[in-house]
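Reading the structure
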Amino acid sequence: MASIRNIVVLTGAGISAESGLATFRGPGGLWEGHRVEDICTPEALARDRALVQNFYDLRRAALRTVAPNPAHEALARLDREWDGELLIVTQNVDDLHERAGATRLLHMHGALHSALCEACGERTAWTEALSDGPPCPGCGRAWLRPDIVFFGEMPYEMERIYAALQRCDLFVSIGTSGAVYPAAGFVQEVRSNGIQTLEMNLEPSAGSTLFDESRLGPASILVPAWVEEMLQ
Ligand code: BJW
């Protein structure tokens, strides 16, 4: 631990579960009643724009009813107090990391609080509904969609993520099932460089055996305890 200077933390839906946001693949998961391919693809948006817009409008509205939990707060504390490099890469589209105070953060799958104009490509901070077809503040056309990375689309900031993975001494994965690539491949990427790896999850993820250490339990307990260890 003493030799660790640069850390990359990957987070998934499990870190926000205890804030009241459903995960994707667990019991009662977000996609129950909706096949993922009906919602989260460019083809679905083209086929049934209202269904996709309504789905994300509901998710965006739900953010008003939730708050960061001790796991988000612990990572924000690590962000404030860790002297070395840190990058928190979240797959989540909620804003709970930033509401807890994290700044060294990127959203690789986009954000509910951002809208993307399909006409001019501009991204705009957005907290309201999109289903009623508001005009893009940039070009005025009514082609705003959620600024979310759909299946088959390239996740954001991959160059920055891979550069941080190359430089890090420790890779930590929190609350993700390891079912969706490229994030699911990060552990293999860093293992080939001999970097230490730690997983914290409620249950073993798909790639659990690839980690040097796997801690099982709720993120709200495991993450504050790990951050305390790191800052001692
Ligand atoms: C707790 C807990 C608690 C619960 N405490 N833990 C075949 C092989 C390999 C790859 C592919 C393939 N076919 C297609 C692909 C690529 C595809 C992919 O990976 N598909 C898989 C389904 C196989 N990936 C893509 O398309 C990505 N793009 C890409 O690859 O680009 C390159 C490319 C471009 C162009 C052409 C070709 C290639 C894009 C992926 C986009 C993912 N989008 C989503 C939706 C985002 C918006 C939204 O929120 O609606 O992202 S899907 C969904 O899954 C969401 C999540 O970020 C992502 C990951 O889910 P996550 O976070 O892991 O959640 P869960 O529910 O799966 O797991 C939660 C975990 O928490 C569980 O393990 C619980 O146990 C745990 N937990 N409570 C701790 N309290």
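Sequence order sets the numbering: in each chain, residues are counted from 1 along the sequence as written. Residues qualify for local features only when their pLDDT is at least 70, as the model is predicted, and side-chain atom pairs are given and counted only at 80 or more; totals for whole chains, interfaces and linings, by contrast, use all residues. Hydrogen atoms and water are omitted, and side-chain values are computed over all heavy atoms in the structure.

A word on the pairing of strand β4 (residues 110-117)
Look at any regular strand and the pattern is simple: side chains alternate between the two faces of the sheet. When accessible area is computed with a 1.4 Å probe and restricted to protein chains, residues below 20% of their type maximum are described as buried, those above 50% as exposed, and intermediate ones as partly exposed. Helix and strand assignments come from DSSP, with helices taken as H or I runs of at least 4 residues and strands as E runs of at least 2, each series counted from the N terminus. Counting buried residues along β4, seven of its eight residues qualify, which places the element largely inside the surrounding structure. Two strands qualify as a pair provided that DSSP identifies no fewer than 2 bridges between them. Relative to strand β5 (residues 123-125), β4 runs antiparallel, the two being bridged by three bridges. Paired with L116 across the bridge in β5 is R123. Between the antiparallel neighbours β4 and β5 lie five residues, among them G121 with a positive phi of about 80°.

Structural notes on the sheet that holds strand β6 (residues 144-148)
If you walk across this open sheet you meet the three strands as β5-β4-β6, and the pairing is antiparallel. A single partner strand is all that each edge strand has here, and the edge strands are β5 and β6. Going across the sheet, the axis of each strand differs from the next one's by a mean of 45°, ignoring polarity. The criterion used for residue contact is that any of the two residues' heavy atoms lie within 4.5 Å. The angle between two axes is taken between their N-to-C directions and runs from 0 to 180 degrees, where each axis is a line fitted to C-alpha atoms and a helix contributes only its stretch in contact. Helix α4 (residues 49-62) contacts β4 and β6 of the sheet and is inclined by roughly 55° relative to β6.

Some words on the environment of L170
On the secondary structure map, L170 appears in strand β7 (residues 170-174). Through-space distance from the C-alpha of L170 to that of E122 is 35 Å; in sequence the pair is 48 residues apart. If near-sequence neighbours (up to four positions away) are discounted, L170 is found in contact with I4, N6, I7, V8, I195, Q196, T197, W226 and M230.

Some details on the packing of aromatic side chains
Here a Phe, Tyr or Trp ring, Trp counted by its six-membered ring, pairs with any other such ring whose centre lies within 6.5 Å, and the pair is stacked when the planes are under 30 degrees apart, edge-to-face when over 60, and tilted otherwise. Enumeration according to the criterion identifies four aromatic pairs in this entry. Summarising the aromatic geometry, the rings of F55 and Y56 are spaced 5.0 Å apart at their centres and angled 85° between planes, so their arrangement reads as edge-to-face. Here the two residues F55 and Y56 agree in accessibility, since each one is buried. Centroid distance Y162 to F186: 5.7 Å. Interplanar angle 85°. Geometry classified as edge-to-face. Of the two residues, Y162 is situated in helix α7 (residues 158-167) and F186 in helix α8 (residues 186-191); the sequence distance between them amounts to 24 residues. Exposure remark for F186: the relative accessible area of 1% places this residue in the buried category. Taken together, the ring pairs connect F55, Y56 and F150 into an aromatic cluster. A ring has a charge above it when a Lys NZ or an Arg CZ is no more than 6 Å from the ring centre and no more than 35 degrees off the ring normal. Lying over the aromatic face of Y156, R123 brings its terminal NZ or CZ to 4.1 Å of the ring centre.

Details of unusual backbone geometry
In this structure, P182 follows Y181 across a cis peptide bond, with omega equal to 10°. Locating P182 in the fold gives a position in the loop between β7 and α8. We note that E157 has phi near 55°; this positive angle belongs to a residue other than glycine. Exposure remark for E157: the relative accessible area of 39% places this residue in the partly exposed category.

Notes on the side chain of R215
Among the structural elements, R215 can be located in strand β9 (residues 213-216). A polar contact of 2.8 Å, which involves the side chain of R215, links it to the side chain of E213. Any pair of nitrogen or oxygen atoms within 3.5 Å is treated as a polar contact; in protein, a donor-acceptor pairing is required on top of that, and neighbouring residues in sequence qualify only through side-chain atoms on both sides. Only 3.1 Å separates the side chain of R215 from the side chain of E229, close enough to count as a polar contact. R215 has contacts with L198, E199, M200, N201, L222, W226 and E229, leaving out every residue within four places of it along the chain.

A few points about the sheet that holds strand β8 (residues 196-201)
As summarised here, the arrangement of the six strands in space is β3-β2-β1-β7-β8-β9, forming an open sheet in which the pairing is parallel. Only two strands of the sheet have a single partner each, and these edge strands are β3 (105-107) and β9. Each neighbouring strand pair of the sheet contributes to a mean axis angle of 15°, computed without reference to strand direction.

Some details on α7
Within the span of α7, buried status applies to M158, I161, A164 and L165. Looking straight down α7, one finds that the buried residues subtend no more than 130° of arc, so they occupy a single side. Elements in contact with the buried residues of α7: β1 (7-11), β2 (86-90), β3, β7 and α8. The directions from the helix axis to the C-beta atoms are what the arc is built from.

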